[in-house]
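Chain by chain, the residues run as shown.
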Amino acid sequence: MADKKPFYITTPIYYPSGNPHIGHCYTTIACDCVARMKRMQGYDVMFLTGTDEHGQKIEKKAQEEGTTPKAYVDAIVENFKKLWARLGISYDRYVRTTDDYHIKTVQNIFEKLYKDGWIYKSEYKGKYCTPCESFWTESQLVDGKCPDCGRDVTDASEEAYFFKLSHFAPKLKELLLDEEKNFLNPKSRVNEMIHNFIDPGLQDLCVSRTSFTWGIPVTFDEKHIVYVWIDALTNYISAMGFMNDTYNDYEKYWPADMHVMAKEIVRFHSLIWPSILMALGEPLPKKVYGHGWITFGDGGKMSKSKGNVIDPFVLCDRYGVDALRFHLLREMVFGSDMPYSNEMMFNRYNADLANDLGNLVSRTVAMAIKYFDGTLPVDKEFTDADNDLVSQLDALQPVVSEAFETCRFSDGLEAIFRVVARANKYIDENEPWKLAKDETAKPRLAAVLYNLLDAVRRVSILLTPVMPHTAPQIFEQIGATEENTGWYDSEKKYLLPADVTVKKGPVLFPRIDVEKELAELEALAPKKEEPASDLEPLKELTKFDNFAALDLRAVKVLECENVPKSDKLLKFKVNDGFGERQVLSGIAKYYKPEDLIGKTLAMIVNLEPRKMMGFESNGMILSVKHGDGYRVIEFPDSVKPGSDIS
Ligand code: MSP
């Protein structure tokens, strides 16, 4: 047997900074649909998904939950995998950027790019939020403030490595404009990339950081960790074994046939990723597809913080996995955003699935049982009245294949359901119930029912990648088997045996009572929270030892001054009873330095040293929230520096 042709498709690797939601479901279901279709078409498919587990956000979330970043992501990755299992996602490999082989690949790539002169060391300048310890770009700021905490940011810089992205601008433009390659879809994104990013001048890309630690260390300069895109994008090749020994599929599957994602990361996949690959001298992926967003009410990308997440598990449990898969793929028009609405899902479900497809199957099977005890006679009379339905079915497969493999799922499904509607019309035109009354019309009745069963077979084949759980149930009811349900069997008419036997099955798509379901879902939705108190919630109980591990002392302030270029930080010299030490505190907004000199304050003295704005801080001065600011905790002058606080 000839070797199967490889086909490689990827989802983005998702951030496990929170649980997966319906937005992640869309891309993953879309890729699953293509992967399933390609397998049915005889390809050797590699379908890759995974999680992008490094970065400051994860580090912080883990800290907030009092756990390690790895333990934090492990738990969320489990939830991603559970959801993919529930949705019937047939991925072949799951890459985690914390996997050893991935780390190895990233380090090797970084080293190679550095040695070859594509990465160089320089200074990263940005806006810095001291309390969040985060760098932001001007465009990330919200009203000029830190997008995370809303506080002021200051200009700051740190040493960093840069990738020579600017060098690739002409080649990227050529790639994007190459009509034959048709690299990036939809076309509107090509213009966006050229006008918004390439033409105004591509900047070199900062690819390392020193301000946090949850990431892959740069092997030749360990205080740096690889920053975001070299870590994330390379998953597509690390998981195939590029520059690591764990896998050995790079030659076979690379270049990828399709990278699928939503529009906000198209830039990274169509500018940065090809540039990295060009610098490595490796082939470029064949296609990048950037779909729109599933949005909610306010038009924004779905956000967990807005409390509008629709729980995909609940939707699957109540309406079936395939109904959700169908809904997302049917309603989202490739390239456009889709406002999420349960009502829309119910209406489409009732119209297409319950009425059109469900009825077609159940009426056809019921008539075959009623008129022929379930087994059609071989003697049939086909007529010209069958031609229109049959010719529509003949034309369907290439239309659907083309639509699905270019991410135009709604077009493909629309085409299928036009033919389903045609088949229902064929019932009305041929009135089997009238034919049944006339003994001499039995051969015609048998032909009509056979045409209908064959139509169900042919459309259901094409629906299999979208509804992989339902299609086999339909095949069972209409007496279709593996022999006549391969992808290309959809092109061929009359593959069912002439004396096919049908079998009554459960109702495939019970009608949804829209009003009732909407009310029930509403009742299930999380209640609006009470206005938040500005008090931090009480923490969980902890062992006394955790408290005892902290060394709390009274310290006397000897010197205090503002930190240059920071409107947050004060730099102190304090006497801790044993000697002098330097400590920084983010209270410059609430105190003038001179007001604090000579005061005796509370401090944790055994925290590991930390650098802030280039100064080392040895400990933490304690303060208490007071109105919109903070007050230091003061002791009377008579308290000796170094006195224990317990
Ligand atoms: N980790 C990066 C991607 C690195 S890929 C080398 C990332 N992760 S993410 O968790 O934010 O996932 C973004 C992707 O999830 C989108 O590009 C899209 O595929 C999917 N979606 C997340 N929310 C979505 C919607 N509301 N609507 C549609 N797709 C959405 O970016």
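So, how was this worked out
Throughout, residues of each chain are indexed from 1 in the direction in which the sequence is written. Per-residue local features of the predicted model are confined to residues with pLDDT of at least 70, and side-chain atom pairs are confined, for both listing and counting, to 80 or more; whole-chain, interface and lining totals are unaffected and use all residues. With hydrogens and water set aside, each side-chain value is computed from the structure's full complement of heavy atoms. The secondary structure listing takes helices from DSSP runs of H or I that are at least 4 residues long and strands from runs of E that are at least 2 residues long, numbered from the N terminus. With a 1.4 Å probe rolled over the protein chains alone, any residue whose accessible area is under 20% of its type maximum counts as buried; one over 50% counts as exposed, and the rest are partly exposed. In this tally, Lys and Arg are treated as positive and Asp and Glu as negative; His is ignored, and so are the chain termini. A single reference atom marks each charge: NZ on Lys, CZ on Arg, CG on Asp, CD on Glu. A helix is expected to reach a length of 1.5 Å times the quantity of its residues less one. DSSP calls a pair of strands paired once it identifies at least 2 bridges connecting them. Take the buried Ala, Val, Leu, Ile, Met, Phe, Trp, Tyr and Cys residues and link them wherever side-chain atoms come within 4.5 Å; each set so joined is a nonpolar core. By definition, residues are in contact when any of their heavy atoms lie within 4.5 Å. Confidence per residue, as judged by the predictor, is encoded in pLDDT with a range of 0 to 100. Whether a residue is near a molecule or strand depends on its heavy atoms: if one lies within 4 Å, it is near. Pairing of N or O atoms within 3.5 Å defines a polar contact, subject to two protein rules: one partner must be a possible hydrogen donor and the other a possible acceptor, and residues neighboring in sequence count only if both atoms are side-chain atoms. Computed with the Shrake-Rupley method and a 1.4 Å probe, the accessible areas treat only the protein chains shown as cover for residues. In this count, Pro and Cys sit with the nonpolar residues alongside Ala, Val, Leu, Ile, Met, Phe, Trp and Tyr, while Asp, Glu, Lys and Arg are called charged and the others, Gly among them, polar. Any carboxyl oxygen of Asp or Glu that lies within 4 Å of a side-chain nitrogen of Lys or Arg is treated as forming a salt bridge with it. Convention used here: a crossover is right-handed provided that the path from the first strand, over the helix, to the second strand proceeds clockwise when the strands point away from the viewer. For Phe, Tyr and Trp, rings pair up if their centres lie within 6.5 Å, where Trp contributes its six-membered ring, and each pair is then called stacked (planes under 30 degrees apart), edge-to-face (over 60) or tilted (otherwise). Working rule: Lys NZ or Arg CZ, within 6 Å of ring centre, within 35 degrees of ring normal, means a charge sits over the ring. This arc is taken over the directions from the axis of the helix to the C-beta atoms. Geometry is summarised by axes, namely lines fitted to C-alpha atoms with helices restricted to the contacting stretch, and by angles between N-to-C directions that run from 0 to 180 degrees.

As for the overall build of the protein chain
So, point 1. Secondary structure summary: the protein chain contains 21 helices and 25 strands in total.
So, point 2. Looking at the protein chain as a whole, 52% of its 646 residues are labelled buried.
So, point 3. Of note, the protein chain has its 80 positive side-chain charges centred 1 Å away from the centre of its 97 negative side-chain charges.

Side note on helix α17 (residues 442-463)
So, point 1. The end-to-end C-alpha separation of α17 is 31 Å, in line with the 32 Å expected for 22 residues at 1.5 Å each.
So, point 2. Most of α17 is tucked away: 21 of the 22 residues are buried.

Description of the sheet that holds strand β11 (residues 258-262)
So, point 1. Read from one edge to the other, the open sheet built from six strands follows the order β3-β2-β1-β11-β12-β7, with strand pairing classed as parallel. Lying at the two open borders of the sheet, with one neighbouring strand each, are β3 (93-96) and β7 (184-185).

Observations regarding the sheet that holds strand β4 (residues 119-129)
Through backbone hydrogen bonds, the strands of a sheet pair up, either in parallel or in antiparallel fashion.
So, point 1. The sheet built from four strands is open, its strands ordered β5-β4-β6-β8 with antiparallel pairing. Looking at strand neighbours, the two that pair on one side only are β5 (134-136) and β8 (205-206), the edges of this open sheet.
So, point 2. Pairing geometry for β4 and strand β6 (residues 154-163), over 10 bridges, is antiparallel. When the bridges of β6 are listed, Y128 appears paired with T154.

Some remarks on unusual backbone geometry
So, point 1. The step from N185 to P186 runs through a cis peptide bond, and the omega angle for that step is -5 degrees.
So, point 2. One non-glycine residue with positive phi stands out, namely C407, at about 65 degrees.
So, point 3. Given a relative accessible area of 3%, C407 falls into the buried group.
So, point 4. Positive phi, normally seen in glycine, also occurs at M613, with a value near 50 degrees.
So, point 5. Tracing the chain through its elements places M613 in the loop between β20 (610-612) and β21 (615-617).

A few points about the nonpolar core
So, point 1. Among the nonpolar cores identified, the biggest contains 110 residues, and L87, L328, Y340, L357 and I416 are the most heavily contacted of them.
So, point 2. Setting aside residues up to four positions removed in sequence, L357 forms contacts with D352, F417, V420, L463, M467, I474 and F509.
So, point 3. If you look at the next biggest cluster of nonpolar residues, it comprises 57 residues, including F163, I194, I216 and Y250.

Overview of the confidence of the model for the protein chain
So, point 1. Considering every residue of the protein chain, the mean pLDDT works out to 93; 96% of them sit at 70 or more.
So, point 2. Across residues 303-309 the pLDDT falls below 50, and counting only partners more than four positions away or on other chains, this stretch makes 12 contacts in the model.

Focus: the environment of L453
So, point 1. Within the fold, L453 resides in helix α17.
So, point 2. Apart from residues no more than four positions distant in its own chain, L453 is found in contact with T364, L376, I478, L496, V500 and V502.

Digging into the site of the ligand
So, point 1. Neighbouring residues of the ligand: 25 residues in total, closest I13, T27, D52, E264 and I294.
So, point 2. Between the ligand and D52, the relevant distance is 2.7 Å, taken from a nitrogen atom to a side-chain nitrogen or oxygen of the residue.
So, point 3. Relative to its free-state accessible area of 680 Å², the ligand is covered by the protein chains to the extent of 96%.
So, point 4. Counting only elements with at least two residues in the shell around the ligand, the list comes to β1 (6-14), α1 (22-40), α7 (229-233), α8 (235-238) and β11.
So, point 5. Residue composition of the shell around the ligand, grouped by class: 14 nonpolar, eight polar and three charged.

Some thoughts on the pattern of salt bridges
So, point 1. Counting across every chain of the model gives 53 salt bridges.
So, point 2. Close ionic contact of E580 with K573 constitutes a salt bridge, the shortest N to O distance being 3.9 Å.
So, point 3. By sharing partners, the salt bridges in this structure join E53, K70, D74 and R96 into a single network.

Considerations on the pairing of β1
So, point 1. Judged by how many residues are buried, β1 sits mostly within the fold: eight of nine residues are covered.
So, point 2. Each parallel crossover has a hand, and for β1 linked through α1 to strand β2 (residues 44-51) it is right-handed.
So, point 3. Of the strand pairs in this sheet, β1 and β11 are connected by two bridges, and their pairing is parallel. Directly across from T10, in β11, lies its bridge partner H259.

Remarks on the packing of aromatic side chains
So, point 1. Applying the stated rule across the entire model yields 32 aromatic pairs.
So, point 2. Each ring, one from Y349 and one from F509, has its centre 6.0 Å from the other, and the planes form 90 degrees; the classification is edge-to-face. With Y349 in helix α13 (residues 342-372) and F509 in the loop between α18 (470-478) and α19 (514-524), this residue pair connects regions lying 160 residues apart in the sequence.
So, point 3. When its relative accessible area of 4% is taken as the criterion, Y349 is described as buried.
So, point 4. With relative accessibility at 6%, the residue F509 sits in the buried group.
So, point 5. Grouped by ring-pair contacts, the aromatic residues Y8, Y236, F242, Y250, Y253, W254 and W273 constitute a single cluster.
So, point 6. Looking at K81, its charged tip hangs above the ring of Y94, at a distance of 4.7 Å from the centre.
So, point 7. Across the ring face of W293, the terminal group of K263 is positioned such that the distance to the ring centre comes to 4.5 Å.

Notes on helix α11 (residues 312-319)
So, point 1. Looking only at α11, the buried set comprises P312, L315, C316 and Y319. Buried residues along α11 cover an arc of 100 degrees about the axis, so they all sit on one side.
So, point 2. Against the buried residues of α11 lie α1, α3 (69-86), α12 (321-331), α13 and α19.
So, point 3. Among the residues of α11, the N-terminal cap falls to D311, whose side-chain oxygen and the backbone nitrogen of F313 are separated by 2.9 Å.
So, point 4. Just downstream of α11 lies G320, where phi reads positive at about 95 degrees.

Re the packing of α11 against α12
Relative orientation and spacing of two packed helices are given, respectively, by the angle between their axes and the distance between those axes.
So, point 1. The contact between α11 and α12 brings their axes to 6 Å, and the two run at 115 degrees. Every residue of α12 that contacts α11 at P312, L315, C316 and Y319 is listed here: V321, A323 and L324.
So, point 2. Residue composition of the contact of α11 with α12, by class: seven nonpolar, no polar and no charged.

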